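Now for the letters of each chain:
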Amino acid sequence: QRSLLGLKELSKEEIESILDRAAYWENHPVKVHTAMQGKFAANMFFENSTRTRFSFEVAEKRLGAEVLNFSAAVSSVQKGESIYDTVRTLESMGIDVGIIRLKPIGVLAELATRIKVPLINAGDGNNEHPTQALLDMYTMRKHFGQLKGLTVTIVGDVLHSRVARSNLWALQKFGVNVNFCSPPNMQAPELNASYVSMNDALKSDVVMMLRVQLERHESGMLSSAENYREHYGLTADRASKLAKHAIIMHPAPINRNVEIDDELVEHPQSRIFPQMENGVPIRMAVIERALS
Ligand code: CP
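Worth saying up front: this structure is predicted, and the values here are computed from it rather than measured.

1. What about the sheet that holds strand β2 (residues 66–71)?
Moving on, step 1. With parallel pairing, 4 strands are arranged side by side in an open sheet as β2-β1-β3-β4. The strands lining the two open edges of the sheet, one partner per strand, are β2 and β4 (119–124). Within this sheet the neighbouring strands show an average axis-to-axis angle of 15 degrees, counted without direction.
Moving on, step 2. The pairing of strand β1 (residues 40–45) with β2 spans 6 bridges and is parallel. Each bridged residue has a counterpart across the sheet, and for Ala-42 the counterpart in β2 is Leu-68.
Moving on, step 3. Its contacts with the sheet put helix α2 (residues 51–62) on β1, β2, β3 (97–102) and β4, and the angle it makes with β1 is roughly 180 degrees.
Moving on, step 4. Across the sheet, helix α4 (residues 107–114) is in contact with β3 and β4; its angle to β4 comes to roughly 165 degrees.

2. Remarks on the UniProt feature "binding site: L-aspartate" (unreviewed entry) in the protein chain
Moving on, step 1. Per the UniProt entry, the sites bearing "binding site: L-aspartate" (unreviewed entry) are Lys-79, Arg-162 and Arg-211 in this numbering. In terms of the greatest pairwise C-alpha distance, the residues named above, spread along 133 residues, do not form a single cluster, extending to 31.6 Å across.
Moving on, step 2. Considering the arrangement of structural elements, one finds Lys-79 in the loop between β2 and α3 (83–92).
Moving on, step 3. By the C-beta count within 10 Å, which is 6 here, Lys-79 ends up exposed.

3. Digging into α4
Moving on, step 1. All of the buried residues in α4 are Leu-108, Leu-111 and Ala-112. Taken end-on, α4 shows its buried residues confined to a sector of 100 degrees, consistent with a single buried face. More than 90 degrees from the buried face of α4, the exposed residues found are Glu-110, Thr-113 and Arg-114.
Moving on, step 2. Check the buried side of α4 and you find it contacts α3, β3 and β4.

4. What about the sheet that holds strand β5 (residues 151–155)?
Moving on, step 1. With respect to topology, 5 strands assemble into an open sheet ordered β7-β6-β5-β8-β9, the strand pairing being parallel. A strand with exactly one partner marks an edge of an open sheet, and here the two such strands are β7 (194–195) and β9 (247–249).
Moving on, step 2. Across 4 bridges, β5 lies against strand β8 (residues 206–209) in parallel orientation. Along β8, the bridge assignment pairs Val-155 with Met-209.
Moving on, step 3. The strands that helix α6 (residues 162–173) touches are β5 and β6 (177–181); relative to β6, the one it contacts most, it runs at about 155 degrees.

5. Here we look at the domain arrangement of the protein chain
Moving on, step 1. Considered domain by domain, the protein chain is made up of domain 1 (12–128 + 277–291) and domain 2 (130–272).
Moving on, step 2. Of the residues lining the interface, 21 residues belong to domain 1; the matching set on domain 2 comes to 18 residues.
Moving on, step 3. Breaking the side of domain 1 that touches domain 2 down by element, the ones donating at least two residues are α1 (12–27), α2, β4 and α10 (272–291).
Moving on, step 4. Of the residues in the side of domain 1 that touches domain 2, the class split is 7 nonpolar, 9 polar and 5 charged.

6. Quick look at the site of the ligand
Moving on, step 1. Taken together, Ser-49, Thr-50, Arg-51, Thr-52, Arg-53, Gly-123, Gln-132, Pro-251, Ala-252 and Pro-253 make up the full set of residues near the ligand.
Moving on, step 2. Element by element, the count of residues in the shell around the ligand is highest for α2, at 3 residues.
Moving on, step 3. Residue classes in the shell around the ligand are distributed as 3 nonpolar, 5 polar and 2 charged.
Moving on, step 4. Counting the residues that make up the shell around the ligand, at least three belong to each of domain 1 (12–128 + 277–291) and domain 2 (130–272).

7. Description of unusual backbone geometry
Moving on, step 1. Cis geometry is adopted by the peptide bond preceding Pro-253, which originates at Ala-252 and carries an omega value of 5 degrees.
Moving on, step 2. Mapped onto the elements of the fold, Pro-253 is located in the loop between β9 and α10.
Moving on, step 3. Even without being a glycine, Asn-192 presents a positive backbone phi close to 55 degrees.
Moving on, step 4. With respect to the helices, strands and loops of the structure, Asn-192 is situated in the loop between β6 and β7.
Moving on, step 5. Classification of Asn-192 as exposed rests on a count of 7 C-beta atoms within 10 Å.

The rules behind the values
Residues numbered from 1 in each chain as written. Predicted model: local features only at pLDDT ≥ 70, side-chain atom pairs only at ≥ 80, totals over all residues. Pairing = 2+ DSSP bridges. Helix = DSSP H or I, 4+ residues; strand = E, 2+ residues; numbered from the N terminus. Axes fitted to C-alpha atoms, helices over the stretch in contact; angles between N-to-C directions. Contact = placed C-beta atoms within 7 Å. UniProt positions renumbered as here; feature names shortened; annotations may be inferred. Buried ≥ 20, exposed ≤ 12 C-beta atoms within 10 Å, placed from the backbone. Arc of directions from axis to C-beta. Domains from an automatic or database assignment. Nonpolar A, V, L, I, M, F, W, Y, C, P; charged D, E, K, R; others polar. Near = placed C-beta within 6 Å.

Listed below in C-alpha cells is the structure:
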C-alpha cells in the first residue's frame, strides 16, 4: 500500500513523478476515466474543508471510483466514537483508499500502522498538507518551467500552518530558497527557516500568503485585522512592487482585506484559482499512486 502521510519523508523523485503524472491528467482531459472503476474511495473529514474535500471527490469521480463521503459532524463521532474506530469501520466495509483530514497532530502516523488500506493525508493539525503543497509546486513549475533556483517567501501565520511546513520540506528538496515572513508570535523557530522582512518578501519569485487561522489562535494573538493588514498584508500598494514575473499564491480560504487585499485575489499575477484547478490532477495522481 502507498499511503501519502507527508512530503517530509518523500523523495524528490517520488514528488517529481506525482507532478509529472498530474501533468499527464491535465493534458488528457477525459471527463471520466476507468482507472479506478470498481474501487471505493472514502473521504473522511474530521475537520471542515471545501477545496480539498471537493477536489478529492472530483478526482475520484474522474478516475471512475465509487465515492463515500464521511463528515464527522453528522456521524457517530458525535456519540464519542474514536477516529480509529471510525476509520476501521469504513475499512471493514471494503474501501480501497481513505482520504483523511484530522485536527490532532500525530494521530495519522499511528493510524497508518493499524489500518491496511492506503491513507492520504488531507491535512493533519499544523503538521502536513501534502496534496496542497504538491499542487502549489505544480502551479510554480507550470509558471516558471522549473523549481530549482526560485525564491519563495511564505507570509503570515506559519505557526499554525501545515501548508507552510509541507511546502518548506518539499521545496527545499528541489533547490528552492524558501523564506518565511511572520509576526513574531506566529513564527515556528523549530523549523530552522530564515525569516525576512515584508519588503524583502516582495523581491521573491513567489509570494505565498497564508490565512490567519483564527480558529487555532489563543486569545490575543491577533491585535486587529487592520493592524495585521498594515504590517503583514499583501496590499495593492505592496503588490505593485512585485517583479513582473512574480506570482501571488494563497492556499485559501482567504480572509479578504486581512492577509490579502480583495482586488489582488484575481489579479493577473495571482495564481489562487489556478491553484485550486491544479488540485484535481494532483489528487488524481496521488490516488492512482495509492492504488498502484
Ligand atoms: N486549502 C485548503 O485546504 O482548503 P480547504 O480547507 O477548504 O480544504
